[in-house]
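Fold and geometry: a report
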Amino acid sequence: MDAKIEVDGAGRRSAANACTEPCAIERGMRIIGGKWTGSILWHVKDGPVRFNDLARIIGGASKKMITERLRQLEDQGLVRREVCDTAPITVVYEITEFGRTALGFLDELRKWSESLPKSLTSDRQ
């Protein structure tokens, strides 16, 4: 993250130490930056949550979208999926220890977002 713009004697600008691959922030955003991803992690932090309950908690997200995000989070090792031997079959999701490492900055993001003017966070159409 030491990239900067340099100006030569003729006033030409060029990038010094330009990123040749995604920086750490971009890599992190690729993991948790997807729509509903942070919300899902936040809502499974307190213990196992049944899929249908999670879908009810996260208003505005379709079950298809929640399923896609949960699969990604499971593949990345952030959540664990468990199929319970019940009738009907119940699927629960739980945050992993690795997933818990994201909770600190998600909480800071929540606090920051709550402090913003409503005009910045309202849905724009």
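Anyway, here's the lowdown on the structure attached to this text. All values derive from a computational prediction rather than experimental measurement.

Spatial ordering of the open sheet is given by S3-S5-S4, a layout of 3 strands whose pairing is antiparallel. Edge positions in the sheet fall to strand S3 (49-50) and strand S4 (79-84), since each of these pairs with one other strand and no more. In this structure, S4 lies alongside strand S5 (residues 90-95), joined through 6 bridges in antiparallel fashion. Counterpart to Glu82 in the pairing with S5 is Val92.

To continue, consider the packing of aromatic side chains. Overall, the coordinates contain 0 aromatic pairs when judged by the stated rule. The aromatic ring of Trp42 is capped on one face by Lys45, whose charged end is 4.5 Å from the ring centroid.

Ranked by size, the top nonpolar core spans 21 residues in total, and within it Leu41, Leu54, Ile66 and Leu70 carry the most contacts. At the level of elements, helix H2 (37-43), helix H3 (51-57), helix H4 (63-75), S5 and helix H6 (103-115) are the ones that each hand at least two residues to this core.

Before going further, it helps to examine the pairing of S5. Counting buried residues in S5 gives 5 out of 6 residues, a clear majority hidden from the surface. Pairing between S3 and S5: 2 bridges, direction antiparallel. From the neighbouring strand, Val49 faces S5, where its bridge partner is Tyr93. Following S4, the chain reverses through 5 residues before pairing antiparallel with S5.

Basis of the calculations
- Sequence order as written defines residue numbering, which begins from 1 separately in each chain.
- Selection of residues for local features in this predicted model requires a pLDDT of at least 70, selection of side-chain atom pairs for listing and counting requires 80 or more, and totals for whole chains, interfaces and linings are taken over all residues.
- Side-chain numbers come from the whole structure's heavy atoms, not from hydrogens or water.
- By definition, two strands form a pair when at least two bridges between them are found by DSSP.
- By the criteria applied, helices consist of DSSP H or I runs no shorter than four residues and strands consist of E runs no shorter than two, each listed in order from the N terminus.
- Centres within 6.5 Å make a pair out of two Phe, Tyr or Trp rings, where for Trp the six-membered ring is used; the pair is then stacked when the planes are under 30 degrees apart, edge-to-face when over 60, and tilted otherwise.
- Whether a charge sits over a ring comes down to the Lys NZ or Arg CZ being within 6 Å of the ring centre and within 35 degrees of the ring normal.
- We call a set of buried Ala, Val, Leu, Ile, Met, Phe, Trp, Tyr and Cys residues a nonpolar core when their side-chain atoms join them within 4.5 Å.
- Summary of the burial criterion: residues with accessible area below 20% of their type's maximum are buried, those above 50% are exposed, and those between are partly exposed, where the area comes from a 1.4 Å probe applied to protein chains only.

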